[in-house]
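Analysis of the macromolecular model
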Amino acid sequence: MDLSVFQWLLLPLRIQTWALAIPLLVWAWFFGAVVGSFLNVVIHRLPQEGLSVVRPRSRCPQCSTMIPWYDNIPCFSYLWLRGRCRFCETSISLRYPAVEFFVGLVLAYFVWHFGFSLQTLELFSFSCVLVCVALIDFDTWLIPNVLSLGLVPFGLAFAWVSEQSALIPLSLFGFPPLFEERLVGSVVGFLLLASLLVVSTYIMRQSGRLEKDELAMGWGDPFFLCGIGSFVGWHALPLIVFLASVQGVVIGYWFLKSGKINQEPTGNDDWTPPTTGVPFGPFLALGALESIVFFPGEGLHVFAPLMELLGLG
Ligand SMILES: [Zn+2]
């Protein structure tokens, strides 16, 4: 095969030789970890009104010393500082290196399957937003609209660009979804959870479990599923809601028992966090990530064995 360097980089690493694939995978992991380090800043600063995610540079939250670049290297700095600030020795949350490691792994995975292509860029940037939403919602019970609804123009733009250009010859597993499928996906995603919100609020107000002006859940989740739909298309939504609900019950129960859920009011007047509930956003994000990693383009087919089992197939 006679390929230019550009075409060659578009090839998935899994079909390259190991001598080439391994250094590129390591590079992809490290670059992803650097992005993960930036996401940690976004997760910390975005929910706080008026804080820029770019400036100023990171400081130790305890002693406010500016963190020098050599103490800010993803994962490695945490290891050689043994998880403590160099200046005041306050321990650094394990979450920071965990996010960096994980985001690096996600990029390496997509490069393995899709090379350095537009598809990798799309799936990776989508995953980054999922990670941010998951942790911000977990911390604060809020999903910033800029992250949830902000997905929609990008999801549609990615579909448009890839359909216009010959940049994506790798339509693996019937993926990526078409423009129309995504447009329908964002509308259906919103309506699905918005109707759940309206119905559950009505029922809980009728039964007196909610005050007259309170909502059963926030508007953040319908907006978030709207954004997700614009990337995955409508086919994948039932799977994502299914994965989110099952894991939300199992993992959420465990989080609730371990007291890791923040039950403080959010400052939002028409909605207070339930003392016996967990935020749904992290599980929607988890389900969406699982659907693009493990079941890309499979949509409703995933349910075929289940339907057969129930005699519906
Ligand atoms: Zn410090």
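Each chain carries its own residue numbering, running from 1 in the written order of its sequence. With pLDDT at 70 or above as the cut-off, local features in this predicted model cover only qualifying residues; side-chain atom pairs require 80 or more to be listed or tallied, and sums for whole chains, interfaces and linings still use all residues. Side-chain metrics rest on all non-hydrogen atoms present in the structure, leaving aside hydrogens and water.

When its secondary structure is counted, the protein chain shows 12 helices and zero strands. Where helices and strands are cited, they refer to DSSP runs of H or I of at least four residues and of E of at least two residues respectively, numbered from the N terminus. Along the protein chain, from the amino end to the carboxyl end, the secondary structure elements read α-α-α-α-α-α-α-α-α-α-α-α. Each residue gets one of three labels from its accessible area relative to the maximum for its type: buried under 20%, exposed over 50%, partly exposed in between, using a 1.4 Å probe on protein chains only. Put simply, the protein chain has 313 residues, and 44% of those count as buried. Summed over its atoms, the accessible surface of the protein chain is roughly 17300 Å², and 68% of this surface lies on carbon and sulfur atoms. Only the protein chains shown count as covering a residue, and every accessible area follows the Shrake-Rupley method with a 1.4 Å probe.

Here we take up the coordination of the zinc ion. Each metal's donors are the N, O and S atoms found within 2.8 Å of it, except that Na, K and Ca use a 3.2 Å limit; water is left out, so coordination can look incomplete. Within the protein, the zinc ion binds to Cys-60 (SG), Cys-63 (SG), Cys-85 (SG) and Cys-88 (SG); these donor distances fall in the range 2.3 Å. Between the four donor atoms coordinating the zinc ion, the angles at the centre fall across 104 to 116 degrees, so the site counts as tetrahedral. The sequence motif formed by the donor residues of the zinc ion is C-x2-C-x21-C-x2-C. Taken together, the positions of Cys-63 in the loop between α2 (18–45) and α3 (76–80) and Cys-85 in the loop between α3 and α4 (95–114) put the pair 22 residues apart, joining distant regions of the chain. Taking the relative accessible area as the measure of exposure, Cys-85 reaches 9% and is therefore buried. For a four-donor site, all angles between 85 and 135 degrees give tetrahedral; for four or six donors, opposite pairs above 155 degrees with the remaining angles between 65 and 115 give square planar or octahedral; all remaining cases count as irregular.

So, on to the pattern of salt bridges. A pairing counts as a salt bridge when a side-chain nitrogen of Lys or Arg comes within 4 Å of a carboxyl oxygen of Asp or Glu. This structure, assessed with the given rule, holds three salt bridges. The partner of Asp-139 in a salt bridge is Arg-95, and the shortest N-O contact between them spans 2.9 Å. One end of the pair, Asp-139, is in helix α5 (residues 118–140); the other, Arg-95, is in helix α4, and 44 residues separate them in sequence. Residue Arg-182 is joined to Glu-122 by a salt bridge in which the shortest nitrogen-to-oxygen separation is 2.9 Å. In this pair, Arg-182 is assigned in helix α8 (residues 179–206) and Glu-122 in helix α5, connecting sequence segments 60 residues apart. Here Arg-182 matches Glu-122 in class, with each residue buried.

A few words now on the packing of aromatic side chains. A pair of aromatic rings is counted whenever rings of Phe, Tyr or Trp (Trp by its six-membered ring) have centres within 6.5 Å, and the orientation is called stacked for planes under 30 degrees apart, edge-to-face for over 60 and tilted otherwise. Across all of its chains, the model carries 16 aromatic pairs by this definition. With 5.7 Å between their ring centres and 80 degrees between their planes, Trp-69 and Tyr-70 make a pair best called edge-to-face. The class of Tyr-70 is partly exposed, set by a relative accessible area of 38%. Three or more aromatic residues joined by ring pairs make a cluster, and in this case those are Trp-29, Phe-30, Phe-76 and Phe-101.

Looking now at the confidence of the model for the protein chain. Across the protein chain, pLDDT averages 86, with 89% of residues at or above 70. A residue's pLDDT is the predictor's confidence in that residue, given on a scale from 0 to 100. Taken element by element, the protein chain is modelled with least confidence in helix α12 (residues 304–309), mean pLDDT 69, and with most confidence in helix α9 (residues 220–232), mean pLDDT 96.

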